[in-house]
Amino acid sequence: MTRFRIANVVMYGFVSLWSLCILAPLAWMVFAAFKSRREIFTDPLGLPDTITFASFGRAWDVGMATFLLNSALITVAAVAIIVVVSGMAAYVFARSTSFWLRLLYLAVVAGFAVPVQAVLVPLFQMLSAAGFINSQAAVVLPYAAYGIPFTTILFYAFFLDFPRELEEAARLDGAGRFATFFRVILPLSGPAIASAAIFQAVFIWNEFLLALLLLTRPATRTLPVGIMQLRGEYSSDWPAVMAGLTIAVIPILVIFILAQKYFVRSMAGLGK
Amino acid sequence: MTQHTRAFRSKDRRRADLAAGLSSAAMLTPAIGLISIFIIIPAALAVFGSFFQFSTTSSNWTWVGLDNYAKAAGDPIFWTALRNNAIIVIGSVILQVGFGTVLAAILDRGLPRAATVFRTIIFAPMVVSTVAVALIWLIILDPNIGSLNALVRGVGLTPPQLGWLGDPNVAMWMILVIAAWQYTGFMMVLILAGLQGIPKELYEAASLDGAIGLKAFWHITLPSVRNVLIVAVLITTIGGFKVFDLVYATTGGGPANSTQVLGTYAYLQAFTLQNMGYANTISVVLLIIAVILGWLQLRISRRAGS
């Protein structure tokens with residue numbers, strides 16, 4: 001019996017310690033944001049003496065509102081395109097046995113394996129030649145493109161298991177493939193869509209490399225590039241940097257905590 | 001049925017087939033188009049461009065054959081970058097998949113209560129942007145105001161003189177720690193999903209044979225999630241080769257290239273030094289590694305699914 005109790009203490013202890021190591025830096029970020037520039041030097045570990053919101057004002061002035069808005073718009077647009085475009089393609093692939101479509105599907109699979117980092121130079125040259133620099137609307141397209149392969153693979157597996165009877169009924173009613181997809185398949189694919197959308201949203205919201213190269217004007221920047229700018233402008237003003245990070249990090253953490261079940265399910269799907 | 005109606009029927013069928021074919025094509029075009037323009041063509045151009053020398057500003061491409069590859073073979077920084085990627089891969093597999101497995105096993109078998117709370121906390125850094133994570137750690141590791149220095153001094157040890165990220169011998173370790181802080185929860189969740197698929201009867205049967213605790217973990221848990229573990233290792237490996245944000249935002253590849261990785265080195269060559277052809281060559285190495293590993297990941301995970 002005692003052996004079990006010791007094992008339990010060890011297990012609880014380990015998980016608690018790990019959780020503490022996760023929470024400490026985040027808590028420290030928030031505390032540092034409320035400290036004065038002087039206090040952060042004299043007492044780096046302690047709680048702030050007086051709570052001041054001044055550093056939040058300084059961070060906000062860099063354009064946090066713009067960065068947040070840009071990130072939100074780009075993420076929503078790219079995820080919407082990814083879901084619709086991948087869904088249509090996956091549906092056609094899942095309902096076909098043609099050799100040529102198998103080949104095309106392989107091209108999609110190949111696209112999954114190519115990271116942005118490996119095609120940086122040609123992609124940047126193509127996008128700048130096409131006038132994509134500093135255009136948020138244009139950045140949505142490469143973001144969507146890099147999300148499509150994985151989402152198509154995900155939807156393909158989902159559509160293979162989709163009951164055919166419903167599609168047959170729609171076809172007898174005279175609905176074509178297009179109408180069947182939008183009126184029957186898509187409305188019944190809620191869980192798969194939610195999983196794919198959350199997964200892609202997390203990646204696009206946090207994407208840094210393409211945004212760094214393409215969104216160089218401050219007004220066009222997304223959060224990850226924006227907070228690098230914040231760091232550049234306030235190189236010795238740590239409370240302002242931490243305040244900006246708090247503004248950037250807390251909303252996404254709140255969304256995550258509220259919907260953690262769906263986030264976890266979505267991310268765990270990668271292993272299947 | 002008369003000859004006439006039969007002919008009419010087959011014509012009708014052909015028209016329906018044509019309509020289905022056209023709508024299929026229309027539904028495939030956006031996906032294939034976007035993938036071709038933004039992924040396949042750039043990948044082909046990266047390979048093509050690696051045989052040339054050029055900069056962003058000039059449109060002059062000079063054919064240099066395999067010179068860029070010969071240059072890479074003789075470039076110590078390229079090898080440092082590749083070695084650092086390998087260190088990140090091995091270190092991350094040990095830390096993230098290793099501890100991820102242990103944490104998942106504890107949450108699955110040991111801690112039925114409070115498991116959701118712990119899972120939520122440990123997974124949380126995954127949804128935060130890597131740049132934000134890097135900046136939070138930058139200030140924690142800062143030699144003047146960092147809390148780690150204060151902590152280490154508090155227990156009577158001396159922190160590295162050049163700073164945690166300023167010392168070439170320490171900086172790489174710090175990058176591994178930050179990566180583990182962010183991604184171990186992701187691996188835990190991935191493996192936890194696999195563990196929850198193991199039928200409980202298996203554990204009950206094994207406990208009759210005396211296999212409980214660590215023994216059960218070794219003989220039942222691990223073999224049952226073999227495929228999930230392989231996928232976890234592959235995802236971590238691919239991530240280790242693709243790493244960019246974390247290194248860029250913490251050390252920028254320094255000090256003295258000691259934390260340079262392929263991603264940051266290609267970026268440096270392309271956009272700071274204007275050696276576009278050479279940057280392509282570094283990228284192609286990354287591309288080949290990523291494609292092989294990505295293909296393996298899909299093959300194994302598909303088998304795990306069926």
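Structure shown above.
Residues numbered from 1 in each chain as written. Chains lettered and ligands numbered in written order. Predicted model: local features only at pLDDT ≥ 70, side-chain atom pairs only at ≥ 80, totals over all residues. Heavy atoms only, no water.

Visitor: What exactly am I supposed to notice about the overall build of chain A here?
Guide: The secondary structure content of chain A amounts to 13 helices and zero strands. N-terminal to C-terminal, the α/β element order of chain A is α-α-α-α-α-α-α-α-α-α-α-α-α. Along the longest, intermediate and shortest principal axes, the C-alpha atoms of chain A span 75 × 70 × 35 Å. For chain A, long-range pairs separated by at least 24 residues make up 72% of all intrachain contacts whose partners lie at least 6 apart in sequence. Carbon together with sulfur atoms contributes 70% to the accessible area of chain A, which is approximately 12,100 Å² in total. (Helix = DSSP H or I, 4+ residues; strand = E, 2+ residues; numbered from the N terminus. Contact = heavy atoms within 4.5 Å. Areas by Shrake-Rupley, 256 points an atom, 1.4 Å probe, with all protein chains shown as cover.)

Visitor: Before we go on, may I ask you to explain the nonpolar core in this structure?
Guide: Soluble globular proteins tend to pack their nonpolar side chains together in the buried interior. Grouped together as the largest cluster of nonpolar side chains are 198 residues, with contacts concentrated most on Met 242 and Leu 245 of chain A together with Phe 123 and Val 127 of chain B. Looking at which element gives the most residues to this core, the answer is helix α3 (residues 54-94) of chain A, with 18 residues. When neighbours within four sequence positions are excluded, Val 127 of chain B is seen to be in contact with Val 202, Asn 206, Ile 252, Leu 253, Phe 256 and Phe 263 of chain A. (Core = buried A, V, L, I, M, F, W, Y, C linked by side-chain atoms within 4.5 Å. Buried < 20%, exposed > 50% of the residue type's maximum accessible area, 1.4 Å probe, protein only.)

Visitor: Quick question: what am I supposed to make of the pattern of salt bridges here?
Guide: Any two side chains of opposite charge can pair if their charged atoms end up close together. Residue and element names in this part refer to chain A. Taken as a whole and assessed by the stated rule, the structure comprises three salt bridges over all chains. Of the charged contacts, one joins Glu 167 and Arg 95 as a salt bridge, the two residues approaching to 2.8 Å between their closest N and O atoms. Taken together, the residues span a long stretch of sequence, with Glu 167 in helix α7 (residues 164-172) and Arg 95 in the loop between α3 and α4 (99-113) at a distance of 72 residues. The exposure class of Glu 167 is buried, given its relative accessible area of 2%. Accessibility expressed as a relative area gives 17% for Arg 95, which makes it buried. Where Arg 171 meets Glu 168, a salt bridge forms, and the shortest distance between an N and an O atom there is 3.4 Å. A residue pair is termed a helical-turn pair when its members lie 3 or 4 positions apart in one helix, as Arg 171 and Glu 168 do in helix α7 at three residues. For Glu 168, a relative accessible area of 40% corresponds to the partly exposed category. (Salt bridge = Lys/Arg side-chain N within 4 Å of Asp/Glu carboxyl O.)

Visitor: What am I meant to see in the packing of helix α11 (residues 223-233) of chain A against helix α12 (residues 238-258) of chain A here?
Guide: Residue and element names in this part refer to chain A. At a minimum axis distance of 9 Å, the contact between α11 and α12 shows a crossing angle of 170°. In terms of orientation, α11 and α12 fall into the roughly antiparallel class. Across the interface between the two elements, Leu 223, Ile 227, Leu 230 and Arg 231 from α11 touch Trp 238, Ala 240, Val 241, Gly 244, Leu 245 and Ala 248 from α12. Among the residues making up the contact of α11 with α12, the classes are represented as eight nonpolar, one polar and one charged. (Axes fitted to C-alpha atoms, helices over the stretch in contact; angles between N-to-C directions. Parallel < 35°, antiparallel > 145°, perpendicular 65-115°, else oblique. Nonpolar A, V, L, I, M, F, W, Y, C, P; charged D, E, K, R; others polar.)

Visitor: Can you walk me through helix α5 (residues 130-140) of chain B in this structure?
Guide: Note on helix geometry: an α-helix contains 3.6 residues per turn, so any two residues three or four positions apart are oriented the same way. Within α5 of chain B, eleven of the eleven residues are buried, leaving the element largely enclosed by the surrounding structure. Listed in full, the buried residues belonging to α5 of chain B are Thr 130, Val 131, Ala 132, Val 133, Ala 134, Leu 135, Ile 136, Trp 137, Leu 138, Ile 139 and Ile 140 of chain B.

Visitor: What is the right way to read the side chain of Glu 207 of chain A from this model?
Guide: Inspection of the secondary structure puts Glu 207 of chain A in the loop between α9 (190-206) and α10 (209-214). Of the side chains with opposite charge, Lys 242 of chain B comes closest to the buried, unpaired Glu 207 of chain A, at an N-O distance of 10.0 Å. At 2.9 Å, the side chain of Glu 207 of chain A and the backbone nitrogen of Leu 210 of chain A are in polar contact. (Lys, Arg positive; Asp, Glu negative; His and termini not counted. Polar contact = N/O pair within 3.5 Å; in protein donor to acceptor, adjacent residues only side chain to side chain.)

Visitor: When you look at a nonpolar patch on the surface in this model, what are you seeing that I'm missing?
Guide: Residue and element names in this part refer to chain A. Taken together, the side chains of Phe 99, Trp 100, Leu 103 and Leu 106 present a nonpolar region at the surface, about 500 Å² in accessible area. Within the fold, Trp 100 resides in helix α4. Here Trp 100 falls in the exposed class, since its relative accessible area comes to 62%. (Patch = residues over 30% accessible without salt bridge, like charges linked within 9 Å, V, L, I, M, F, W, Y side chains within 5 Å.)

Visitor: It is not clear to me how the packing of aromatic side chains should be interpreted in this structure. Could you clarify?
Guide: Here a ring pair, both rings aromatic, is described through the centre-centre distance and the interplanar angle of the planes. Summed over all chains, the structure comprises 37 aromatic pairs over all chains. Centre to centre, the rings of Phe 34 of chain A and Phe 53 of chain A are 5.3 Å apart; their planes meet at 90°, and the pair counts as edge-to-face. Remark: Phe 53 of chain A occurs in the loop between α2 (39-42) and α3 and Phe 34 of chain A occurs in helix α1 (residues 2-34); sequence separation between them is 19 residues. Assessed through its relative accessible area of 55%, Phe 53 of chain A is described here as exposed. Pairing Phe 150 of chain A with Phe 199 of chain A gives two aromatic rings, centres 5.2 Å apart and planes at 40°, and the pair type is tilted. Linking Phe 150 of chain A in helix α6 (residues 136-160) with Phe 199 of chain A in helix α9, this pair joins segments that are 49 residues apart in sequence. Judged by relative accessible area, which is 9%, Phe 199 of chain A ranks as buried. Aromatic ring contacts, followed pair by pair, group Tyr 91, Phe 155, Phe 158, Phe 159, Phe 162, Phe 178, Phe 181 and Phe 182 of chain A into a single cluster. Over the aromatic face of Tyr 278 of chain B sits the side chain of Lys 71 of chain B, whose NZ or CZ is 4.2 Å from the ring centroid. (Phe/Tyr/Trp six-rings, centres within 6.5 Å; stacked < 30°, edge-to-face > 60°. Lys NZ or Arg CZ within 6 Å of the ring centre and 35° of its normal.)

Visitor: Got a minute to help me understand the environment of Leu 230 of chain A in this structure?
Guide: Residue and element names in this part refer to chain A. Within the fold, Leu 230 resides in helix α11. A relative accessible area of 0% means that Leu 230 is categorised as buried. Taking C-alpha positions, Leu 230 is 9.6 Å from Trp 60, a pair spaced 170 residues apart along the chain. Here Leu 230 is in contact with Ala 59, Val 62, Ala 240, Val 241, Gly 244 and Leu 245, once residues within four sequence places are set aside.

Visitor: Looking at this model, I keep getting lost on the interface of chain B and chain A. Mind explaining?
Guide: How big an interface is tends to be reported as the loss of accessible area on association of its parts. Contacts between chain B and chain A engage 88 residues on the former and 86 residues on the latter. Taking both sides of the interface into account, the surface hidden between chain B and chain A amounts to around 8,000 Å²; carbon and sulfur atoms contribute 83%. Taken together, the links from chain B to chain A amount to zero salt bridges. For the interface between chain B and chain A, the tally reads eight residue pairs in polar contact (both at pLDDT 80 or more). Considering each element in turn, the side of chain B that touches chain A owes the most residues, 19 residues, to helix α1 (residues 3-49) of chain B. Tallied by class, the residues present in the side of chain B that touches chain A amount to 67 nonpolar, 16 polar and five charged. (Buried area = accessible area lost by both parts, 1.4 Å probe.)

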